[in-house]
Amino acid sequence: MDGGLVILLALSFGTIIFVIQRTEAKRRRVVTLIMLLVLLVLIWLINTLGAWGEGIVGLFLALVLNGLFYVLIGRYNPVGSSDDIHVLGMDD
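First, a word on scope: everything that follows refers to the structure included in this document.

Procedures and definitions
- Residues numbered from 1 in each chain as written.
- Predicted model: local features only at pLDDT ≥ 70, side-chain atom pairs only at ≥ 80, totals over all residues.
- Heavy atoms only, no water.
- Axes fitted to C-alpha atoms, helices over the stretch in contact; angles between N-to-C directions.
- Helix = DSSP H or I, 4+ residues; strand = E, 2+ residues; numbered from the N terminus.
- Parallel < 35°, antiparallel > 145°, perpendicular 65-115°, else oblique.
- Left-handed = near helix turned anticlockwise from the far one by under 90°.
- Contact = heavy atoms within 4.5 Å.
- Nonpolar A, V, L, I, M, F, W, Y, C, P; charged D, E, K, R; others polar.
- Expected span 1.5 Å × (residues − 1).
- Buried < 20%, exposed > 50% of the residue type's maximum accessible area, 1.4 Å probe, protein only.
- Arc of directions from axis to C-beta.
- Patch = residues over 30% accessible without salt bridge, like charges linked within 9 Å, V, L, I, M, F, W, Y side chains within 5 Å.
- Areas by Shrake-Rupley, 256 points an atom, 1.4 Å probe, with all protein chains shown as cover.
- Salt bridge = Lys/Arg side-chain N within 4 Å of Asp/Glu carboxyl O.

Some thoughts on the packing of helix H1 (residues 3-21) against helix H3 (residues 52-74)
Put simply, H1 and H3 touch, their axes get as near as 7 Å, and they point 45° apart. The angle between H1 and H3 falls in the class oblique. Where H1 crosses over H3, the two elements pack in a sense that is right-handed. In this structure, H1 uses Leu5, Val6, Leu9, Ala10, Phe13, Gly14, Ile17, Phe18 and Gln21 to contact H3, whose residues at the interface are Glu54, Gly55, Val57, Gly58, Leu59, Leu61, Ala62, Leu63, Asn66, Phe69 and Tyr70. Residue classes in the contact of H1 with H3 are distributed as 14 nonpolar, five polar and one charged.

Shown next as structure tokens:
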């Protein structure tokens with residue numbers, strides 16, 4: 001099992017999960033579709049390399065790390081809405 005490939009796949013899967021997790025509710029469907037396309041390319045790459053073991057370990061690591069992030073940080077800092085953004089210095 002190639003450790004470098006496991007780390008690369010864990011970072012790739014983790015980024016996909018993190019982006020979907022931290023997207024505001026209004027845009028989540030579009031972002032999920034885009035991330036599914038990225039996931040399909042990643043699965044194609046895993047299939048081409050024949051690295052199914054590394055892919056499963058990388059996915060497991062990504063799920064564990066994103067779960068820890070959600071429990072420790074994400075639950076207490078929910079994703080805001082773009083409607084709530086207030087620019088400082090604007091007198092409107």
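After that view, the rundown keeps rolling.
Some words on the environment of Val79
Tracing the sequence through the fold places Val79 in the segment after H3. Spatially, the C-alpha atoms of Val79 and Leu65 are 18 Å apart, while their sequence positions differ by 14 residues. Those residues in contact with Val79 that lie beyond four places of it in its chain are Gln21, Arg22, Thr23 and Glu24.

Side note on H1
In this model, H1 (19 residues) spans 26 Å end to end at C-alpha, consistent with the 27 Å of a helix rising 1.5 Å per residue. Among the residues of H1, Leu5, Val6, Leu9, Ala10, Phe13, Gly14 and Ile16 are the ones counted as buried. Projected down its long axis, H1 carries its buried residues within an arc of 160°, all on one side. Of the exposed residues in H1, the ones pointing more than 90 degrees away from its buried face are Ile7, Leu8 and Leu11.

So, helix H2 (residues 28-49)
Helix length check: H2, at 22 residues, gives a terminal C-alpha distance of 31 Å against a target of 32 Å (1.5 Å per residue), a fit within 8%. Inspection of H2 places Val31, Met35, Leu42 and Ile46 among the buried residues, and these make up the whole buried set. One side of H2 carries all its buried residues, which in axial view fall inside an arc of 55°. Pointing more than 90 degrees away from the buried face of H2 are the exposed residues Arg29, Val30, Leu33, Leu37, Leu40, Val41, Trp44 and Thr48.

Details of a nonpolar patch on the surface
On the surface, Phe60, Val64, Leu65, Leu68, Tyr70, Val71, Leu72 and Ile73 cluster together to form a nonpolar patch covering roughly 780 Å² of accessible area. Along the chain, Val71 falls in helix H3. What makes Val71 partly exposed here is its relative accessible area of 41%.

Keep in mind that these numbers describe shape and distance, not what the molecule does.
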